[in-house]
Amino acid sequence: MTQLHPPQGEDARGTAESGEGATSTPPVRDIPQATVTRLATYLRVLGAFAEAGTLIVSSEELAAAAGVGSAKLRKDLSFLGPNGVRGVGYDVLRLQSRIEAALGLDRGHRVVLVGVGNLGRALARYPGFDRRGFTMAGLFDSDPAVVGTRVGDLVVRPVDDLESGARELGATIGVVATPDDAAQQVCDLLVLAGVRSILSFAPVELEVPEHVEIRRVDLSVEMQVLSFNSTRNDETARSASADVRPAAGDVRPAGIPRVSTRSSARRTTTGKAGPMGSAATRNGSVIAP
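Worth saying up front: this structure is predicted, and the values here are computed from it rather than measured. (Residues numbered from 1 in each chain as written. Predicted model: local features only at pLDDT ≥ 70, side-chain atom pairs only at ≥ 80, totals over all residues. Heavy atoms only, no water.)

## A few points about the sheet that holds strand S5 (residues 150-151)
- As summarised here, the arrangement of the 7 strands in space is S5-S6-S4-S3-S7-S8-S9, forming an open sheet in which the pairing is mixed. The open sheet has two free edges, formed respectively by S5 and strand S9 (213-216), since each of these has just one partner strand. (Pairing = 2+ DSSP bridges. Helix = DSSP H or I, 4+ residues; strand = E, 2+ residues; numbered from the N terminus.)

What follows is the structure in structure tokens.
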């Protein structure tokens, strides 16, 4: 029997009549942003299952590998329509295909990267892009010492050619890895070239028209968040240690803590016991609320 995951809310209407075996998926705009972020995580995990030769995976296994609760995973996947088979699980390749279609990866994307410094070169050489439907199509830089050099199969072109070059290459995504003072000018050139999706590594706010989607990755902010979480976890651990007190009549040697009689099962953020433990659920950029 097909396990139906009914769409959530009015925005997901239209999928209820898709029926068993339907291959259509709702537009990405009908899926909450937090769910879209988790779908990308599920896709990565499914890729690992597929590479390991796993054909069927249960919701519990997939949820544990992704670091979320199984209830949240099932709710997320409900936006894609019918997927699993009750008592059996999810077909790894089929679910992978459904998520790729929902994220628009089945169309493929051509990426141009501007700023071929250390970070830019590392991004240009990253092999995971091709596996996920992103083709690095062009590299651009303003440094005469860098222009004309080769990174992998691509030759770095001058940034003066960015507008025409991005059009010529059919770029759908632009990556900005330039110094802060050049980021806005590069962003403007990408917009003029018709690029409607931009990923910026410059730690500055960039102005774009409403029809352009932009995401900013500030590595220093991410590390500051990690620092906060680490400090909070250390304080929580010290507080828990201070709360351990010997019970009345306990004659154990000093320094030996009393063992709690409560369950020691590790728990996920959903409050249910999870095989991956709480550490797997603290990646805020992946496990979005």
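## Notes on the confidence of the model for the protein
- Here the protein averages 76 in pLDDT, while 72% of its residues score no lower than 70.
- Ranking the elements of the protein by mean pLDDT puts helix H6 (residues 128-131) last with 75 and strand S6 (residues 154-158) first with 96.
- Ignoring residues within four places in sequence, the model shows residues 1-28, a span with pLDDT below 50, making 44 contacts including any to other chains.
- In the model, residues 255-289 has pLDDT below 50 throughout and makes 45 contacts with residues more than four positions away in sequence or in other chains. (pLDDT = per-residue confidence, 0-100. Contact = heavy atoms within 4.5 Å.)

## Focus: the UniProt feature "binding site: NAD(+)" (unreviewed entry) in the protein
- As annotated in UniProt, the feature "binding site: NAD(+)" (unreviewed entry) corresponds to Gly-115, Val-116, Gly-117, Asn-118, Leu-119 and Gly-120 in the numbering used here.
- Along the chain, Gly-115 turns up in the loop between strand S3 (109-114) and helix H5 (118-125).
- Overall, Gly-115 belongs to the buried group, its relative accessible area being 8%.
- Assignment of secondary structure puts Gly-117 in the loop between S3 and H5. (UniProt positions renumbered as here; feature names shortened; annotations may be inferred. Buried < 20%, exposed > 50% of the residue type's maximum accessible area, 1.4 Å probe, protein only.)

## Digging into helix H1 (residues 33-51)
- Here H1 is 19 residues long and its end C-alpha atoms lie 28 Å apart, about the 27 Å a rise of 1.5 Å per residue gives.
- If you check which residues of H1 are buried, you get Ala-34, Thr-35, Val-36, Arg-38, Leu-39, Thr-41, Tyr-42, Leu-43, Val-45, Leu-46, Gly-47 and Phe-49.
- Remark: Gly-53 follows H1 within two positions and exhibits a positive phi of approximately 85 degrees. (Expected span 1.5 Å × (residues − 1).)

## Remarks on H5
- Every buried residue belonging to H5 is among Gly-120, Arg-121, Leu-123 and Ala-124, and all of these are buried. Across the axial projection of H5, the buried residues extend over an arc of 160 degrees, all falling on one side. In H5, the exposed positions that point more than 90 degrees away from the buried face belong to Asn-118 and Arg-125.
- Where H5 is buried, its residues touch S3, H6, strand S4 (134-141), S5 and strand S7 (173-176). (Arc of directions from axis to C-beta.)

## Things to note about the packing of aromatic side chains
- Evaluation of the coordinates by the stated rule reveals 1 aromatic pair.
- A ring pair is formed by Tyr-126 and Phe-129, whose centres lie 4.9 Å apart and whose planes are at 85 degrees; its orientation type is edge-to-face.
- Take Tyr-126: its relative accessible area is 40%, and that puts it in the partly exposed class.
- For Phe-129, a relative accessible area of 26% puts it in the partly exposed group. (Phe/Tyr/Trp six-rings, centres within 6.5 Å; stacked < 30°, edge-to-face > 60°.)

## Details of the nonpolar core
- Residues Tyr-42, Leu-62, Leu-73, Leu-77, Leu-80, Leu-95 and Ile-99 are the most contacted members of the largest nonpolar core, which totals 23 residues.
- Every element with two or more residues in this core is listed here: H1, helix H2 (59-66), helix H3 (70-78) and helix H4 (92-102).
- For this core, the element with the highest residue contribution is H1, accounting for 7 residues. (Core = buried A, V, L, I, M, F, W, Y, C linked by side-chain atoms within 4.5 Å.)

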